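Chains, contacts and geometry: an overview
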Amino acid sequence: MTESPVLVGMSTSELREWVATQFWEPAYRGNQIAQWVYRRAVDSFEAMSDLPARLRTRLSEVALITPNQIDITQRSRDGVVKGLLRLSDGNEVECVLLPYEERVSVCLSTQVGCAMGCRFCATAQGGYTRNLTTGEMVDQLLHLQRLSERPITHLVMMGMGEPLLNLPNLVRALHLIHEEVGISMRRMTVSTVGIVPKIYELAEHRLPITLAISLHAPDDETRAKIMPVNRKWTVETLLQSARDYFERTHRRVTFEYLLLREVNDTPDHARLLAQRLRGVPCLVNLIPFNYVPTPDQYQRPEVERVQRFRQILEQAGIEVSQRMERGHDIDAACGQLRGKHRGKPIPLKMSYSVSH
Ligand code: SF4
């Protein structure tokens, strides 16, 4: 890890204090630096043209804007850009830029690797290494901003790792991105596999974000097979935490539902799901599985099965969406790029859909 002060991760007030105490500069220089770092996403002190030349030189001698580098980027034909961010300790995390017509979204990681062991996930196969710092989360967004032709408008914390197991750093990062970069919290989504006590803890923060819970099955038996986390917290316990989350935040929850052929995609699963979600203000987001080599060799369901599943939910009055798939021609599923880069090749031709 670097010993030099790193600016990404510092708030405007921290930068004000830092320039005043370290350089005997007026505190407003801290506001200027924050503007350059977060709003304009520059990666050199030289670019900070409204700072005096002597201060720019001094800053470049003692501090770093970021110690991290985008190591590999891939650009798909539909505009998706995938970054593999090399951190100062040599670890790597993935981040993705997803431009749509009306918005530009990013998907960010919160941990190096992941300990949750979801059976359908490429990241799970590499195990857990460590939590990311607040600055490392924000830095992914800034690196992606430099690669984007338009300003980033939305973010999802749905890359590598379980965000709620890194809650203090996560909450700080969301605040920093809101206050310094200027992205509204209403345009932020945090995805979790369902760490129930942390859902209650997150609700205490009363953030106007969207909470996305990866449900993926309506019954404990099926869910425990694909998500070890269910051995600790049952579906009912999880749904109760979702109800509580709504009551405290007035934000309806999104339930992510990854459809795996013959595993959790039958009409019976759909009917049970509809029954269990009755009275829970929510949206169900269906995600047909895209092939990732996993120990259980899950398969993608046929279009007709997905349609039937969706129809049953909608007939029960549940609002349903289906995740738009992007980046088919690059390594765009969670954990793929990092796995490949570390010498564990994973086939191409996957799309950005498998995470949490
Ligand atoms: S799906 Fe998400 S929570 Fe599950 S193992 Fe992969 S990164 Fe971790």
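The numbering scheme is per chain: residues are counted from 1 as the chain's sequence reads. It should be noted that, the model being predicted, local features are given only for residues of pLDDT at least 70 and side-chain atom pairs only at 80 or more, the latter also being counted only at that level, while totals for whole chains, interfaces and linings use all residues. With hydrogens and water stripped out, all remaining heavy atoms of the structure feed into the side-chain values.

Quick look at the packing of aromatic side chains now. Working definition: rings of Phe, Tyr and Trp (its six-membered ring) pair if their centres are within 6.5 Å, and the pair is stacked with planes under 30 degrees apart, edge-to-face with planes over 60 apart, and tilted otherwise. Applying the stated rule across the entire model yields 3 aromatic pairs. On the basis of an interplanar angle of 85° and a centroid distance of 5.0 Å, the ring pair of Trp 18 and Phe 23 is categorised as edge-to-face. A centroid spacing of 6.2 Å and a plane angle of 85° characterise the contact between Phe 289 and Tyr 298, whose relative ring orientation is edge-to-face. Considered together, Phe 289 and Tyr 298 belong to a single accessibility category, that of buried residues. Over the ring of Trp 36 we find Arg 40; its NZ or CZ atom is 4.2 Å from the centre of that ring. Comment: the charge-over-ring label is applied if NZ (Lys) or CZ (Arg) is within 6 Å of the ring centre and within 35 degrees of the ring normal. Taking NZ or CZ as reference, Arg 103 lies 4.3 Å from the ring centre of Tyr 100, over its face. Exposure classes here rest on a 1.4 Å probe applied to the protein chains alone. A residue is buried below 20% of its type maximum, exposed above 50%, and partly exposed in between.

Moving on, we get to the side chain of Ser 241. In this fold, Ser 241 is placed in helix α8 (residues 235–249). In this analysis, two residues are considered to be in contact whenever any of their non-hydrogen atoms come within 4.5 Å of each other. Residues within four places of Ser 241 in sequence aside, it is in contact with Val 196, Ile 199 and Tyr 200. We count a stretch as a helix when DSSP gives it H or I for four or more residues in a row; a strand needs E for two or more, and each element gets its number in order from the N terminus.

What counts as a disulfide here is a pair of cysteine sulfur atoms lying within 2.5 Å. Counted according to the given criterion, the structure contains 0 disulfides. In this model Cys 282 remains outside any disulfide bridge; the closest cysteine sulfur is found in Cys 118, 20 Å from its own. According to the relative accessible area criterion, Cys 282 is buried, its value standing at 10%.

This next bit is on the domain arrangement of the protein chain. Domain delimitation in this document rests on an assignment produced automatically or drawn from a domain database. Segmenting the protein chain into domains produces domain 1 (12–62) and domain 2 (69–341). The centre of domain 1, based on its C-alpha atoms, is set 35 Å off from the matching centre of domain 2. At the junction of the two partners, domain 1 supplies 8 residues and domain 2 supplies 9 residues. Each of two parts loses accessible area, computed with a 1.4 Å probe, when they are put together; buried area is these two losses added. Summing the contributions of domain 1 and of domain 2, the shared interface buries around 710 Å²; its carbon and sulfur component is 51%. When residues of domain 1 are sorted by the area they lose upon contact with domain 2, Tyr 38, Arg 39 and Ala 41 head the list and together hold 73% of the total. Throughout this description, the term salt bridge denotes a Lys or Arg side-chain nitrogen within 4 Å of a carboxyl oxygen of Asp or Glu. Counting across the domain 1 and domain 2 interface gives 0 salt bridges. Polar contacts, as used here, are pairs of N or O atoms within 3.5 Å; protein pairs need one atom able to donate a hydrogen and one able to accept it. Residues neighboring in sequence count only if both atoms are side-chain atoms. The tally of links from domain 1 across to domain 2 stands at 5 residue pairs in polar contact (both at pLDDT 80 or more). In terms of residues, the side of domain 1 that touches domain 2 owes the most to one element, helix α2 (residues 28–39), which gives 4 residues.

This brings us to helix α3 (residues 53–62). Turning to α3, its buried residues are Leu 55, Arg 56 and Leu 59. With its buried residues spanning 100° around the axis, α3 presents them on a single face. Exposed and oriented more than 90 degrees from the buried face of α3 are Arg 54 and Glu 61. Buried-residue contacts for α3 involve α1 (12–23) and α2. Each C-beta atom gives one direction from the helix axis, and the arc is the one those directions make.

Of the two site types, the cavity is a set of points on a 1 Å grid over the protein atoms alone where a 1.4 Å probe fits but cannot get out, and the pocket is an open set with protein on both sides within 12 Å along at least five of seven lines, each lined by residues with an atom within 4 Å of a point. Grid points are joined across faces, edges and corners, and a volume is the space filled by probe spheres set on the points. In this structure, the largest pocket encloses a volume near 570 Å³. Every residue lining the largest pocket is counted, 23 residues in all, and those nearest its centre are Arg 103, Val 156, Thr 189, Asn 285 and Arg 323. Contributing elements (two or more residues each) for the lining of the largest pocket: β7 (154–157), β8 (188–192), β9 (210–214), β10 (253–259), β11 (282–288) and β12 (319–322). For the lining of the largest pocket, the element with the highest residue contribution is β7, accounting for 3 residues. Taken together, the residues of the lining of the largest pocket break down into 10 nonpolar, 8 polar and 5 charged. Gly falls in the polar group here, along with every residue not listed as nonpolar (Ala, Val, Leu, Ile, Met, Phe, Trp, Tyr, Cys, Pro) or charged (Asp, Glu, Lys, Arg).

The subject of this paragraph is the packing of helix α6 (residues 196–204) against α8. Angles run from 0 to 180 degrees between N-to-C directions of axes, and those axes are lines fitted to C-alpha atoms, restricted for helices to the stretch in contact. As a packed pair, α6 and α8 sit with axes 9 Å apart at the nearest point and diverge in direction by 0°. In terms of orientation, α6 and α8 fall into the roughly parallel class. Of the residues in α8, those in contact with Val 196, Ile 199, Tyr 200, Leu 202, Ala 203 and Glu 204 of α6 are Thr 237, Leu 238, Gln 240, Ser 241, Asp 244, Tyr 245, Arg 248 and Thr 249. The class makeup of the residues in the contact of α6 with α8 is 7 nonpolar, 4 polar and 3 charged. The scheme is simple: roughly parallel for angles under 35 degrees, roughly antiparallel for over 145, roughly perpendicular for 65 to 115, oblique for anything else.

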